[in-house]
Each structure stands twice: as C-alpha cells, then as structure tokens.
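Take a look at the letters that make up each chain.
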Amino acid sequence: MNLTLRIWRQRGPEDRGAMVTYELADVSPDMSFLEMLDVLNERLILEGEDPVAFDHDCREGICGMCGMVINGQAHGPRDRTTTCQLHMREFADGDVIDVEPWRAAAFPVMRDLVVDRSGFDRIIGSGGYISVVTGSAPEAHSTPVPKPIADAAFDNATCIGCGACVAACPNGSAMLFTSAKVTHLNLLPQGAPERESRVRDMVAQMDEEGFGGCTNTGECTVACPKGIPLTSIGNLNREYLRALTKR
Amino acid sequence: MPETTSLGSGGSAYWTVGDDIADTAAPDGPIETRWDRRKFSAKLVNPANRRKHTVIVVGTGLAGGAAGATLAEQGYNVIQFCFQDSPRRAHSIAAQGGINAAKNYRNDGDSVYRLFYDTVKGGDFRARESNVYRLAQISTQIIDQCVAQGVPFAREYSGLLDTRSFGGVQVQRTFYARGQTGQQLLIGAYQALSRQIDAGAVEMHPRTEMLDLIVIDGRARGIVARDLVTGKITPYLADAVVLATGGYGNVFFLSTNAKGSNTTATWRAHRRGALFANPCYTQIHPTCIPRSGEYQGKLTLMSESLRNDGRIWVPKQKGDTRSPDQIPEAERDYYLERIYPAFGNLVPRDIASRAAKYQCDDGRGVGPGGLGVYLDFADAIKRMGEDKVREKYGNLFEMYERITGEDPYKVPMRIYPAVHYTMGGLWVDYDLQSSIPGLFVVGEANFSDHGANRLGASALMQGLADGYFVLPPMLGNYIASTKLGSVSLDDPAVTSVIGEVTGRLGRLLEINGDRTPDSFHRELGELIWDECGMGRTEAGLRKALARIPELREEFWRRVKVPGDSGELNQSLEKANRIADFLEFGELLCIDALHRAESCGGHFREESQTPDGEALRDDEHFAYAAAWEYTGGAPVLHREPLQFDYVHLAQRNYS
C-alpha cells in the first residue's frame, strides 16, 4: 500500500508544532501501526531528518505506553485495540492518515507524539492503593471474596493507564481512569477500610491535575482498549457521594 | 595464575580460567532452616537510623517495584529510576500465565519441598539448592501479600482462590488472574510504590536511564543517569545500589521482550567489576506468533496453555505450499505426537521449540519464509465445540486474529519459537549481593534461582520474592555491618564516570555514518539467533565470535544518530543500548562455546542423547560460570554446585 501520513511534529513543549506530510510507499498490510512508523523513521534517519518521537514499549497491548490519535480516534479505528496492536490491514491503499498526540490540557506534549501523563501516577499515589506493609498480610484464604465481586474488581483492574479516555473526552476528563481504580479497590473487602479516603483523595488529585469534569459523553469507554465500562463512572460518583455524607 | 584455554586445533584464546568462587553467604546445615538462620545472623539497622541511609533502585518491575516500596516502608530513603514514562510500564506487566506458590490449597500433594524439587529438576540441575529452597518457602507469603494489596486473582464460587496446573508439573499450584497475571501483580507493586512516592519516601525518576555505575573504594556508591527528556547527565549517590533491570533477551533483536528492555545497566556494572553468570542460558518459548516480514519489530507470545488442546503439525512433503485445509490427514506429520508419544504436544518448552526448528530447517515449515508450524484446533472444536474453545482460549484467539488477520477458528494458527526469558544474569550470592560490595541484583537481572531453564509461572514468583522478602533484610545487613564513608559529587571517581558517559554519547553523535542503529541491532540479532539460538555448535559459535567484533567496529564507524544529546532523542537511547548489546553478545557466545554440554535452555548439538535430547555433562560442568570483565578475553570463575537433596538425573520426556 502507498500512504500519505500527516504527522504532528513538535520539537519541544514550547514549540508551536505543525502537521508534516510524508509519503510512504510499499506498506505491508501485516505491519503494525508502530512498525509502519519504524519504517518511516529508518528512512528519516538516513535522510538526515529527526525521526518521529513516540512512546511505546511492550507492543503487546498491555503496558499502556503507546497511544496516538489516528484519524481523530484515540488508538485508531479498531475497537478495543491499542495503537501497537492496530495493523495496517485496517487501512486501504492511497489513504491519508492523520497522526496526532493525545490532546488534553493535563497531558502536555513533550515532543512530537510523546505526552506527559504523570498526572495519572499522582492520582494513583493519592489513594489508589491498599495500605499493606510488606510482610503484614493475613493468610490469603482468611477473607473469601465472592466470585462476582472478584470478577468485577478484575474487570476494572485491567485498565492499562494509557490515557485514551482522556484523549477521547471533549472535556479532557480522567473520570474513567479514576473510576476504574476506585471501583477495583472499593469493591474488595481488603479495600474497605480506606474506601472513603481513597475516593475523596483521588478525586481531589484528579481536579488538581487539571483534568476536566464528566458530562456523560461516553467517548472514553468507546476509546478504551480494555473496555472499562461507563458504569464505573457511575460507581465513582456513588462512592464519592457516599464518602462526602460520611465525613 | 590463570591458565589460558585454547579450544581445539587452530582455536584462539577466547577466555582464561581464574580461581573457583563460592557463595559464602549461604548457611549450611539443614536446608529447611537455612533462610531463618541467615535472617537471624543478619545485622539489623535500628528503625530510627534507617532514614539516614539512601538506597538507589534501578527498575520498577516486579522485583524493583517491590523492593522500592518495601525499603521505603522500612524507613530508608529510596531514589528510584525507570526509563519508561511511568513505573507501571515495566515489562513484568506482559506476563500472562500465573505465579506458583506451594500453598497446597488443592490438597494434591504439593509442598515447599515439592516446589523446590520441581524447580531444581526443571532448571536441569544448574541452580543452587539453598536459593531454590528459599524461593519455594517464600512463595506462600507472596500470595498473602498480593491478595492483601487487592490483586484480583481468579476465584472459585466459594470465594476462595482458584489454581491451575502449568508448565508440565503434576500439581495445581499456579495462581492466576485470567491471562494477565503479570499485569495485576505489577500494578499491585506499583500501587505500593506510588503510595511511598506520594509520602515522599521514594524519589521517583521516570524517563531516566542508568548509564553507568559509580564504584568508590571497591563499593557501589551510585549511578550516573540520563534524563531522557532533557538529556541532562546527573550522578546520584547512595549507600547501596539495587539493579532490577531485567534480562538481556533483546540481544536477539526479535524477542518477546518490550522494545526498551536492554542490558545496559547490568553490562555497565559488569564492566565495573560485577561477575556475569551463565549468559548462555536463554529460554526460547515455542508458542509465539511467527514474524511476518523484514520490518518486524518484536514478537508476541501466546500462552503455552494452547498446547493443551491444539495439535502441532507440518506437511509431510517439503516445500508444500497448499493451504492447510487442502492437505489431507495422511499427508500431515503430527511430529510431537509421533516422536514423544507419552507427552505429545505437551513436551517441555525447549524440546517443543527445537522440534519446530528442525522441521523448518528441513524445509517443512509453513507461512512466510517457511518459519512456522501449525497449531490446529480443528479436533478440539470437533470434540468440545466452538463455544467451549472460545471460553477457554477466546482472548488468545482474538489476539492472534488482531496480529495476523487470520481466524484461528477456521484456519490453523501458525506458531514459531521466540526468545522469551534469560536465566543468566549478574552473579549474586545468597544475599543477592553481586561481586561488587553494595551492589545488589534482583529479579531476572540476576542469575540466581532458575538454573539452566525456568519453569512456567516461576518468573513472577522470583521477582516478588527477591523484591519483597529477600533483598530488604539482606540490604539492611550490608548497611548495618559496613562502615560507609561519606562520598561527594566532586569525588574523582564520580567525575571520571560522568566524563566516560558523556564522551560515549558524544562519540555516537559524531560518527554521522550511513547505517541506522536498528540495522546493526537487527544484524546482531540474526547472527546470535542463527548461531547461539535454539541449537548451538562449536563451528557456529566460532563464526559468531569472529563476526561480532567486526560488526562492533563497523557500528562505531558507520552508525548514524541524528539530533543531539540535550533533548529527547530516541535514536541516541537506542544506539547507546545497542553498543552494549554488541559487547554483551560476545560474552554470550563465549559462555555458550565454553559450556560443551547441553542443559536446559542451552543446547549444544555435539552433546545429545541418541534420541536427540539434551545431554548434560555433570562431571565437567556442574558449576555456575561467572565471568570477569578484563577488556580482553574474559576470565572464567567456576562456582561448583552441590546437590545434597535432589539427586542428579537426566530429564526424560519420551
């Protein structure tokens, strides 16, 4: 396939940035999207240009490091698929493909397609854990957890922290991300002692980081490569109200 | 005086032999109480004094994340590093299968002793008994810890934890969280670490890469690291340094490791005096998705649980290009079932991998380049129905379809082996301390527990055992029993390491040649895969050892790295890592050449049984090979292994 790529190039956080067009010939449909960019970068290096900077690591769809907006969609056109797992057979010969970084006030661009998502780490640090000092744990079977609860906790724990939810949201909200962690831990009996402080602190941190509010648009759950459901945001709101009334 | 070893006729001296070494940290006596006795004899640091001590932890995977969180909880000042944008990205996250623990919840005859026995035997008798026993003991505590952290392991309807059997053992001791156990365990450790970062007990430096180790007065006292965003080179000083930087599988270029996984931290420590042990023990996983073209950037593993119901075959006829549904039953060779009737498709990883290679080398491989074999679920679908197959393997089939564009419910999967895990690593004693005092090494980065072959679901167990439970008391012992003088940033050792690091980056940028960094990595990887992959021969290894120095020379003459060092420059990061792989690859081949036996993940074609199985040579090779860096031919130090509990025996799966 022959493709026209229009890629966001921005040298640093202070640079204005612009879309730059590249023609790429002989793209195999079996290439992953990132392998396609690898091929472009090999060419750019030999031509003496700076290659396109993008984040990636495991390339198996689980580390959450990759992520770009492809033709206006976070992680591109295929459902429940990270950018690294997106393959070029989803595109057609002659396509023009726009490639942009995550766009959100709370994710400043560092270079090209690389953004700063450290706000997510600080949200987790503010309460997304169960405080158990190493070595102090009781026997694993001392607290049975009903299977439906354990399964629901797992579904929310599959979040990979990629930031697609924020990138897809018109408000740049991190509600889906935060709700997944609150739901995972607050469902479990082990998470109960810190249930109220967890949700209060995480929501406060989320606001402090500059993420927007939720207006139930639902774009987040569509973009989420792991299918975290919109009901988790409902649960976050319930947990938050519950915590406020308990204060 | 070291003797010089020449290999056969016309062989040049690739290495010299130095004195034997021993692990002096492990207590002797009954194996059941060795760890208790070691902890009791260890010196303690008063809780009030811990905050006066600083520890550097490099890496945030299972071992590093667990170590950083635990040391900070105990009161030490921790400075921690990862090259990714967040500590949650480390490649432990990609582990699928599960984590072993000797809980015996199934009442199926499991015990600490059985896990110990299975691991020593599975490691083909090339691991230390003391270490492995301790690992089996600690395994049960890990499950307790993770459940308390909220790790959502699979559960039964009773609300109790589910377990399954894994990796050719006969008990159900593997705890799992669907096919994402590594992710869930890593997120558990990451959350514990995040809590300590928020509390100010861990100073976390993401997007920062360790480029060298600072050794002062013979002790590890810090690292030099590069901020990958600004390019700034900064020295960090501490009382001890912990490396949790993973394995070296990416020396093969194509592996199931993450793209960023590299050996720079361990190789730089090796160059500063840390012995590197058993690099030739590499694990090749049989069920990976084959490469589809020249542009391939990495390989993806699919859980080997697929072999429980899939049948592996190739066409009997060489070069058969018919589509699989056009090949009648009589013209298919279910070669594993034919050669190993007792175990069939479930033979251990190394045997399944080599058998696939032989079929493909013989011209019967399928798919692009003939580098693949079929893994066929047609019979399973006939036997239990498509719904049941979907329920068991749905997520794996979906992943396969996403990558290959083929529907495995209709067309047999194609699989091929790929490098997956490396058992070798920096040499450590029972305390996980390397041969440089004050330098500790945990997780896949060390060589300690898996011998020549790692069993399924044991990597997660070892990473967490090291990080949560073994390292913290042993590091405390080092700090309590060592008089550490103060060091300053003006120390000549610090400035000289900074000078070396900066000089090297500068040289990489100045070459401005005509080849990309990746083109060298690919070429090195193909060479090592061909000559030091699934099957190794003296002639092939010699060929590789002749070629690697040439390739290295070419790299330093022709590589082209655009941009400069004072900015986010991913080409520079890569080139710097590849420069180390080009040195490490040589040691890997030397170790493989010197070990003229087959064992576990190291298969020397010259050393096999009449049935083609790995043939160990316990008389000459029952030792760990610890290599000393000299700048020229490395020096081999043998650590003889003693087996008092598990008796040496040949593996047999036919």
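Residues numbered from 1 in each chain as written. Chains lettered and ligands numbered in written order. Predicted model: local features only at pLDDT ≥ 70, side-chain atom pairs only at ≥ 80, totals over all residues.

Enquirer: So what exactly am I meant to see when it comes to the overall build of chain A here?
Expert: Along its length, chain A carries eight helices and seven strands. Principal axes of the C-alpha set define a box for chain A whose edges measure 60 × 35 × 35 Å. With 247 residues in all, chain A has 53% of them scored as buried. Across chain A, every contact between residues at least 6 apart in sequence was considered, and the portion connecting residues at least 24 apart equals 71%. (Helix = DSSP H or I, 4+ residues; strand = E, 2+ residues; numbered from the N terminus. Buried ≥ 20, exposed ≤ 12 C-beta atoms within 10 Å, placed from the backbone. Contact = placed C-beta atoms within 7 Å.)

Enquirer: How should I be thinking about the overall build of chain B in this particular structure?
Expert: Each helix and strand counted, chain B has 17 helices and 22 strands in total. In terms of overall size, chain B behaves like a compact globule, its C-alpha atoms giving a radius of gyration of 24 Å where 654 residues would be expected to give roughly 26 Å. Along the first, second and third principal axes, the C-alpha set of chain B runs to 75 × 60 × 50 Å. Put simply, chain B has 654 residues, and 58% of those count as buried. (Rg over C-alpha atoms; globule rule 2.2 N^0.38 Å.)

Enquirer: Sorry, what's going on with the domain arrangement of chain B here?
Expert: By a frequent convention, interface size equals the accessible area lost on bringing the separate parts together. Residues and elements named next belong to chain B. For chain B, the assigned domains read domain 1 (285-420) and domain 2 (490-616). The straight-line distance from the C-alpha centre of domain 1 to that of domain 2 is 31 Å. Taken together, the contact pairs five residues of domain 1 with five residues of domain 2. Ranked by residues supplied to the side of domain 1 that touches domain 2, first place goes to helix α9 (residues 349-361) with four residues. For the side of domain 1 that touches domain 2, a count of residues per class yields one nonpolar, one polar and three charged. (Domains from an automatic or database assignment. Nonpolar A, V, L, I, M, F, W, Y, C, P; charged D, E, K, R; others polar.)

Enquirer: It is not clear to me how the sheet that holds strand β7 (residues 174-175) of chain B should be interpreted in this structure. Could you clarify?
Expert: Residues and elements named next belong to chain B. Spatial ordering of the open sheet is given by β5-β7-β6, a layout of three strands whose pairing is antiparallel. Looking at which strands have only one partner, the edges of the open sheet turn out to be β5 (99-100) and β6 (163-164). Pairing of β5 with β7, which is carried by two bridges, proceeds in the antiparallel orientation. Counterpart to isoleucine 99 in the pairing with β7 is phenylalanine 175. (Pairing = 2+ DSSP bridges.)

Enquirer: Help me understand the domain arrangement of chain A, please; the structure alone is not making it clear to me.
Expert: Looking at the assigned domains, one finds that chain A contains domain 1 (3-111) and domain 2 (117-246). Between domain 1 of chain A and domain 2 of chain A, the contact holds 17 residues from the first and 17 residues from the second.

Enquirer: Help me understand unusual backbone geometry, please; the structure alone is not making it clear to me.
Expert: Glycine aside, negative phi is the norm for most residues, and most peptide bonds take the trans geometry. All names here are of chain A. The phi dihedral of arginine 59 is positive, around 55°, even though this residue is not glycine. On the secondary structure map, arginine 59 appears in the loop between α1 (33-46) and β3 (69-70). Residue arginine 59 is classed as buried on the basis of its C-beta count, with 25 C-beta atoms lying within 10 Å. For asparagine 71, which is not a glycine, the phi torsion comes out positive at approximately 50°.

Enquirer: Explain the sheet that holds strand β9 (residues 208-216) of chain B to me, please; I cannot follow it from the model alone.
Expert: In a beta sheet, neighbouring strands pair by backbone hydrogen bonds and run either parallel or antiparallel. Residues and elements named next belong to chain B. Spatially, the three strands line up as an open sheet ordered β9-β10-β11, and their pairing is antiparallel. Since the sheet does not close on itself, it has two edges, and those belong to β9 and β11 (233-237), each with one partner. Strand-to-strand twist across the sheet, computed as the mean angle between neighbouring axes with direction ignored, equals 25°. (Axes fitted to C-alpha atoms, helices over the stretch in contact; angles between N-to-C directions.)

Enquirer: What exactly am I supposed to notice about the interface of chain B and chain A here?
Expert: At the junction of the two partners, chain B supplies 61 residues and chain A supplies 66 residues. Contributions of two or more residues to the side of chain B that touches chain A are made by α3 (62-73), α5 (129-149), α6 (181-198), α11 (386-404) and α16 (570-594) of chain B. Take the side of chain B that touches chain A: its biggest share by element is nine residues, from α6 of chain B. Residues that form the side of chain B that touches chain A fall into these classes: 21 nonpolar, 25 polar and 15 charged.

Enquirer: Just to check I follow, could you spell out helix α13 (residues 492-511) of chain B for this structure?
Expert: Think of an α-helix as 3.6 residues a turn; residues three or four steps apart then line up on the same face. All names here are of chain B. Its 20 residues place the ends of α13 28 Å apart at the C-alpha level, agreeing with the 28 Å of an ideal helix rising 1.5 Å per residue. Those residues of α13 hidden inside the fold are in contact with β9, β10 (219-227), β11 and α16. Trailing α13 by a residue or two, asparagine 512 shows a phi angle of about 50°, which is positive. (Expected span 1.5 Å × (residues − 1).)

Enquirer: Just checking my understanding: could you explain the nonpolar core for this structure?
Expert: Nonpolar side chains in soluble globular proteins tend to be buried together. Membership of the largest hydrophobic core comes to 272 residues, with the highest contact counts inside it found for Val166 of chain A together with Val242, Leu243 and Leu426 of chain B. Residues within four places of valine 242 of chain B in sequence aside, it is in contact with Val55, Ile56, Val57, Val58, Ala67, Phe440, Val442 and Leu471 of chain B. (Core = buried A, V, L, I, M, F, W, Y, C linked by C-beta atoms within 7 Å.)

Enquirer: Where do I start with the environment of aspartate 55 of chain A in this structure?
Expert: Tracing the chain through its elements places aspartate 55 of chain A in the loop between α1 and β3. Each C-alpha atom, one on aspartate 55 of chain A and one on valine 199 of chain A, is 30 Å from the other, the two residues being 144 residues apart in sequence. When near neighbours in sequence (up to four residues on either side) are disregarded, aspartate 55 of chain A contacts Met65, Cys66 and Val114 of chain A together with Asp85 of chain B.

Enquirer: What is the right way to read the pairing of strand β22 (residues 635-640) of chain B from this model?
Expert: Every regular strand shows the same layout, with side chains that alternate between the two sheet faces. All names here are of chain B. Pairing geometry for strand β2 (residues 15-17) and β22, over two bridges, is parallel. By the bridge assignment, threonine 16 is partnered in β22 with valine 635. Of the strand pairs in this sheet, strand β21 (residues 623-628) and β22 are connected by six bridges, and their pairing is antiparallel. Across the sheet, glutamate 628 pairs through a bridge with valine 635, a residue of β22. Hairpin remark: β21 followed by β22, antiparallel, with six residues in the connecting loop; positive phi at glycine 631, about 95°.

Enquirer: How should I be thinking about the packing of helix α6 (residues 195-208) of chain A against helix α8 (residues 231-246) of chain A in this particular structure?
Expert: Residue and element names in this part refer to chain A. The contact between α6 and α8 brings their axes to 9 Å, and the two run at 110°. With respect to α8, the element α6 is oriented roughly perpendicular. α6 and α8 meet at a crossing whose hand is left-handed. Along the contact surface, α6 presents Glu196, Val199, Arg200 and Val203, while α8 presents Leu236, Glu239, Tyr240, Ala243 and Lys246. Across the contact of α6 with α8, the residue classes break down as five nonpolar, no polar and four charged. (Parallel < 35°, antiparallel > 145°, perpendicular 65-115°, else oblique. Left-handed = near helix turned anticlockwise from the far one by under 90°.)

Enquirer: What is the right way to read the pairing of strand β5 (residues 96-100) of chain A from this model?
Expert: Bridge count for strand β1 (residues 3-9) of chain A against β5 of chain A is four bridges, and the pairing is parallel. Counted as the bridge partner of leucine 5 of chain A is isoleucine 97 of chain A from β5 of chain A.

Enquirer: What's the story with the environment of proline 368 of chain B in this structure? I'm lost.
Expert: Residues and elements named next belong to chain B. Here proline 368 shows up in the loop between α9 and β17 (373-376). The class of proline 368 is partly exposed, set by 15 C-beta atoms lying within 10 Å. For proline 368 and serine 139, which are 229 residues apart along the polypeptide, the C-alpha to C-alpha distance reads 42 Å. Once residues within four sequence positions are removed from consideration, proline 368 is found in contact with Ser292 and Gly293.

Enquirer: Explanation requested: the confidence of the model for chain B in the structure shown.
Expert: Residues and elements named next belong to chain B. Summarising the model, chain B shows a mean pLDDT of 94, and 97% of its residues fall at 70 or more. In this model, residues 1-11 is a region of pLDDT below 50 whose contacts with residues beyond four sequence positions or in other chains number 15 contacts. Interface predicted TM-score (ipTM) for the complex: 0.98; the corresponding pTM is 0.97. (pLDDT = per-residue confidence, 0-100.)

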